[in-house]
Amino acid sequence: MGLVDYHNHTALCGHATGTVEEYIDAAITRGLSEIGFSDHAPLPEELREGITMRDDQPEEYLTSIQSHALKYKTRIAVRTGFEVDFPLHNTFDQRYFTDPRIDYLIGSCHFIDGWAFDHPSFIDGFSKRDIDDIYSQYYEIMKDLIFSEHFHIIGHFDLVKKFGHRAKKDFSKEISALFNGTRHSTAVEINTAGLRKPVQEIYPSKDIISLLFSLNVPVTLGSDSHSPDEVGYEFGSAVEMLKHAGYRKISAFEKRRRYDITL
Ligand SMILES: [Zn+2]
Ligand SMILES: [Zn+2]
């Protein structure tokens, strides 16, 4: 069975290129069994320029993905999702939490107290704060994200390392606490985009993947592609890391129902 790539953007967000067809064709060429679109859900106007679609565009987006799913259904499964910023903004229509068209929602944190910490223009924010405070705030947000139980997948789990800033403290206790008391229904995305960023490492790190395995947390795969040539990016390395940690299956989603794919 082929792999899934559940983290793909579209030109609607303003910082991705290529057509939906080109992404799907790339997924077919690379032998994936499923491709899922999870474009950035609308952020408020003052934050979204070049980052997300406008708040009048989600329907156009969903209609487009749904019609491609129909067109390609004999060749590849095309899934419909959003990457939703957490904490939530009022520009995200909460009806999408229960919309029958949606296969999964990825919850992601790109802002700490309004600071776009993963945006290259705001990298100087790292020199103004204590690195362990940044990590601690970030994992607090992840905790609220997971405990909200709105999301099927956690996006780029340790994104805060993107530019290579490492915590001094060991956060494995905090990370384990994220999964205590939850129903473990949320899968963590193994996101290969980190290999294209200064940190040059998959999100999350090898050590965190091993920790997640010991906690019985399900995982899935995403390239975070912003152009068709990035679809399925470095999935060989991702699968190798997963197997090394002990994983023998990944999670896939259809209409929010989770099922396993054997690695
Ligand atoms: Zn993006
Ligand atoms: Zn993201």
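Overview of the structure. None of the values given here were measured: they were computed from a predicted structure. (Residues numbered from 1 in each chain as written. Chains lettered and ligands numbered in written order. Predicted model: local features only at pLDDT ≥ 70, side-chain atom pairs only at ≥ 80, totals over all residues. Heavy atoms only, no water.)

## Description of the packing of aromatic side chains
For the structure shown, the criterion picks out 22 aromatic pairs. Ring centres of Tyr6 and Tyr104 lie 4.5 Å apart, and the angle between their planes is 25 degrees; on these two criteria the pair is classed as stacked. Here Tyr6 is found in the loop between strand S1 (4-5) and helix H1 (20-29), whereas its partner Tyr104 is found in strand S4 (residues 104-108), with 98 residues between them in sequence. The buried category is assigned to Tyr6, whose relative accessible area is 1%. Geometrically, the ring pair formed by Phe82 and Phe92 is edge-to-face, given 6.2 Å between the ring centres and 85 degrees between the ring planes. With a gap of 10 residues between them, Phe82 in strand S3 (residues 77-85) and Phe92 in the loop between S3 and S4 connect regions that are remote in the sequence. Phe92 shares its class with Phe82; the two are buried. Three or more aromatic residues link up through ring pairs in this structure, and these residues are Trp115, Phe117, Phe126, Tyr135, Tyr138, Tyr139, Phe157, Phe163, Phe171 and Phe179. (Phe/Tyr/Trp six-rings, centres within 6.5 Å; stacked < 30°, edge-to-face > 60°. Helix = DSSP H or I, 4+ residues; strand = E, 2+ residues; numbered from the N terminus. Buried < 20%, exposed > 50% of the residue type's maximum accessible area, 1.4 Å probe, protein only.)

## Observations regarding the environment of His110
By secondary structure assignment, the location of His110 is in the loop between S4 and helix H4 (131-148). Taking the C-alpha atoms as reference points, His110 and Gly155, 45 residues apart in sequence, are found 9.9 Å from one another. Side-chain polar atoms of His110 contact the side chain of Glu83, separated by 3.2 Å. Polar side-chain contacts of His110 include one of 3.3 Å to the side chain of His156. (Polar contact = N/O pair within 3.5 Å; in protein donor to acceptor, adjacent residues only side chain to side chain.)

## Description of the packing of helix H6 (residues 206-214) against helix H7 (residues 235-245)
Packing of H6 against H7 brings their axes to within 9 Å, and their N-to-C directions diverge by 50 degrees. What the angle tells us is that H6 and H7 run oblique. The chirality of how H6 crosses H7 is right-handed. Facing H6, whose interface residues are Lys206, Ile209, Ser210 and Phe213, H7 presents Met241, Leu242, His244 and Ala245. Residue composition of the contact of H6 with H7, by class: five nonpolar, two polar and one charged. (Axes fitted to C-alpha atoms, helices over the stretch in contact; angles between N-to-C directions. Parallel < 35°, antiparallel > 145°, perpendicular 65-115°, else oblique. Left-handed = near helix turned anticlockwise from the far one by under 90°. Contact = heavy atoms within 4.5 Å. Nonpolar A, V, L, I, M, F, W, Y, C, P; charged D, E, K, R; others polar.)

## What about the pairing of strand S8 (residues 249-254)?
Where S8 meets strand S9 (residues 257-262), six bridges bridge the pair, whose relative direction is antiparallel. Bridge pairing in S9 links Glu254 to Arg257. Count of turn residues in the S8/S9 antiparallel hairpin: two residues, of which Lys255 carries a positive phi of about 50 degrees. (Pairing = 2+ DSSP bridges.)

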